[in-house]
Amino acid sequence: MYRKFILLIFNSILFLTNLHGQDFEIEKSKNKFSIPFQHVGNLVILPISINGSIPLNFVLDTGSPYTIITNLNAIQHFQLRKGKRISVSGLGRDIQTIEAYSSKENTIQLGKAVSNHTDIVLIFEEGFDLSGRFGIPIYGIIGYDILKDFIVEINYGKHKVIFYEPNFFHKKKELRKYNALPIEIKGKKPFLQLNAQIAGNEVDLQLLVDTGSTDALWLFEKEKVQIPNNHIEDYLGYGLNGEIHGKKTRISNLKLGAYELKNLTTSFPDSISVSNVIRNNRNGTVGSEVLRRFNTIYDYQEKKLWIKKNRFFKEEFHYNLAGLELYQPYADLPYLEVAYIRKGSPADLAGLKKGDAIRLVNDKRISVFKVNSFEEKYDPQKTDVILIEGKKRDPISLPEIIDLFKSDEGRAIEIVYTRGTNDVKRYANFKLKKSI
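Under an unreviewed UniProt entry, the name given to the protein chain is Aspartyl protease family protein, and the organism recorded is Moheibacter lacus.

Listed below in structure tokens is the structure:
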């Protein structure tokens, strides 16, 4: 089955093996270095070199215990050798494991830091396409391998990540304006104990801290964690093991140290979709829609997460008001495919269906990007203004459409699309509307 829609929940991938990563070493005479990042769909995307390659886009994911390459063409181009077969499973309704292998003795470079003997997980799954999900080239993820060796500051306001040598950080970094939250590292992943008010009840939560999750909060329904009455049935995404369904709602508040966030969008995946997740005492995941509201500093050695609110702190928690999830099946073709339609949503009522091909959004052509350019430095490609049927049209990228669907209620959307093998143009007009 070709997996066309993938939600980044790498925290729930289970690797039934032991892999090792050599320590990263910073360039001599350097105590810190910074790297600008792309902020797409709430993800932090960094340029990483594998075995001397040009820098490639990787997601910085605190929920991932290993470095993972997900692009099949990249695996073949770099001639990464398949080692031991690994059993891998994750979120979704299928119980099967997927094909993955370890690759030994690889060199990884991130800015001024290098590791020369790192194990990498290679996922040989045709549909595990992160690039098509977010509309930019993404080749894999990196997490614990880099976070264990440095103190890592993510500055969402300035779009940069700073890597500190630990001794230098503790001597030089000014932290008076920060809140220090204790974290526990379990299975190479960070966990927080937080307090929230849910459906009128105050509850303590053990949450995975996951920069690889694009949502605000995911919770598992338990005795003291009940789903509020005002919720919608929703398709939450696509994981390694198929579709993820559940309920989307809002909770009253979430407290992080001295800070309190209110009216958070929250997803409750159903029990089938998370059957492969080892939960134990874990209540869920706090994701990047929360984390981006802070300047965050991860100190795995001292087991602390330092946070300071930024200019995004008071922004409303948004979600997809169109009820329309899109995917870019071919990077070099200017169309998107409908992956999901929420029943009763504005997009549903306008007549759109799963599998429709989106050609124009608000009179803008879908942009394309390069996904397999290994020989030269590249960026996501937004084509210049072009002529279609004698009209000048600006392009619009999938990341821009994702943001558009999460914008203000009442915004007008016009979509031009085709269905099946019929080239006849169809039109869908609707306005964004809140359901929760």
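(A) Layout of helix H7 (residues 398-405). Taking burial as the measure, the eight residues of H7 include six buried ones, the bulk of the element. Burial in H7 covers these residues: Leu398, Pro399, Ile401, Ile402, Leu404 and Phe405.

(B) Quick look at the environment of leucine 207. Looking at the element boundaries, leucine 207 is found in strand S16 (residues 201-209). With 10 residues separating them in the primary sequence, leucine 207 and leucine 217 have C-alpha atoms 9.0 Å apart.

(C) Molecular detail of the pairing of strand S5 (residues 43-50). With respect to burial, S5 is a largely interior element, seven of its eight residues being buried. For strand S4 (residues 38-40) and S5, the ladder comprises three bridges, and the chain directions are antiparallel. Paired with valine 40 across the strands is leucine 43, a residue of S5. Linkage of S4 to S5, two consecutive antiparallel strands, is achieved through a turn of two residues, within which glycine 41 is found at a positive phi near 60 degrees. By the bridge criterion, four bridges tie S5 to strand S6 (residues 56-60) in an arrangement that is antiparallel. When the sheet's bridge partners are listed, isoleucine 45 is paired in S6 with valine 59. Hairpin connection of S5 to S6: five residues between the antiparallel strands, including asparagine 51 at a positive phi of 50 degrees. With two bridges connecting them, S5 and strand S9 (residues 98-110) associate as antiparallel partners. By the bridge assignment for S9, serine 49 is matched with glutamine 109.

(D) Fine view of the packing of aromatic side chains. Within this structure, the stated rule accounts for 10 aromatic pairs. Ring centres of phenylalanine 37 and tyrosine 156 lie 6.1 Å apart, and the angle between their planes is 80 degrees; this geometry places the pair in the edge-to-face category. Highlighted residues: phenylalanine 37 in the loop between strand S3 (32-36) and S4 and tyrosine 156 in the loop between strand S12 (151-155) and strand S13 (160-164), separated in sequence by 119 residues. The buried category is assigned to phenylalanine 37, whose relative accessible area is 5%. Overall, tyrosine 156 belongs to the buried group, its relative accessible area being 0%. Ring centres of tyrosine 144 and tyrosine 300 lie 6.1 Å apart, and the angle between their planes is 35 degrees; this geometry places the pair in the tilted category. Taken together, the positions of tyrosine 144 in helix H3 (residues 144-147) and tyrosine 300 in the loop between strand S22 (294-299) and strand S23 (304-309) put the pair 156 residues apart, joining distant regions of the chain.

(E) View of the pairing of strand S26 (residues 357-361). Buried residues dominate S26, accounting for four of its five residues. Pairing geometry for strand S25 (residues 336-341) and S26, over two bridges, is antiparallel. What sits directly across from glutamate 337, in S26, is alanine 357. In this sheet, strand S31 (residues 412-419) lies alongside S26 in antiparallel orientation, the contact comprising four bridges. Opposite valine 361, over in S31, you have isoleucine 415 as the bridge partner. As judged from the two bridges shared by S26 and strand S27 (residues 364-366), these two strands associate in the antiparallel manner. The partner of leucine 360 across the bridge, within S27, is arginine 365. Connecting S26 to the antiparallel partner S27 that follows it, the hairpin turn spans two residues, and asparagine 362 within it adopts a positive phi of roughly 50 degrees.

(F) How the structure looks around unusual backbone geometry. We note that glutamate 105 has phi near 55 degrees; this positive angle belongs to a residue other than glycine. Following the sequence through the fold, glutamate 105 ends up in strand S9. The exposure class assigned to glutamate 105 is exposed, which follows from its relative accessible area of 51%. Residues other than glycine seldom take positive phi values, yet lysine 188 does so here, at roughly 65 degrees. Mapped onto the elements of the fold, lysine 188 is located in the loop between strand S14 (179-186) and strand S15 (189-198). Residue classification places lysine 188 among the partly exposed residues on the basis of a relative accessible area of 26%.

(G) Highlighting the nonpolar core. Counting 68 residues, the largest nonpolar core has Phe163 and Leu254 as its most contacted members. Each of two domains, domain 1 (33-167) and domain 2 (174-309), supplies a minimum of three residues to this core. Contact partners of leucine 254, with chain neighbours within four places excluded, come to Leu194, Asn195, Ala196, Leu205, Leu207, Leu217, Tyr259, Glu260, Leu261, Leu264 and Val286. Counting residues in each nonpolar core, the second largest holds 27 residues, with Leu336, Ile341, Ile358 and Ile402 among its members.

(H) Structural context of the environment of lysine 370. Among the secondary structure elements, lysine 370 is positioned in the loop between S27 and strand S28 (386-388). Overall, the relative accessible area of 34% leaves lysine 370 in the partly exposed class. A C-alpha to C-alpha distance of 9.8 Å links lysine 370 and glycine 135, two positions 235 residues apart in sequence.

(I) Summary view of the pattern of salt bridges. One pass over the structure, following the stated rule, counts 12 salt bridges. One salt bridge connects arginine 419 with aspartate 356, and the closest N-O pair in it is separated by 2.8 Å. Remark: aspartate 356 occurs in the loop between helix H6 (346-349) and S26 and arginine 419 occurs in strand S31; sequence separation between them is 63 residues. Relative accessible area serves as the criterion here: at 22%, arginine 419 is assigned to the partly exposed category. The class for aspartate 356 is buried, based on a relative accessible area of 1%. Through salt bridges with shared partners, a single network forms among Glu289, Arg292, Arg293 and Glu315.

Scoring rules and cut-offs
Residues numbered from 1 in each chain as written. Predicted model: local features only at pLDDT ≥ 70, side-chain atom pairs only at ≥ 80, totals over all residues. Heavy atoms only, no water. Buried < 20%, exposed > 50% of the residue type's maximum accessible area, 1.4 Å probe, protein only. Helix = DSSP H or I, 4+ residues; strand = E, 2+ residues; numbered from the N terminus. Pairing = 2+ DSSP bridges. Phe/Tyr/Trp six-rings, centres within 6.5 Å; stacked < 30°, edge-to-face > 60°. Core = buried A, V, L, I, M, F, W, Y, C linked by side-chain atoms within 4.5 Å. Domains from an automatic or database assignment. Contact = heavy atoms within 4.5 Å. Salt bridge = Lys/Arg side-chain N within 4 Å of Asp/Glu carboxyl O.

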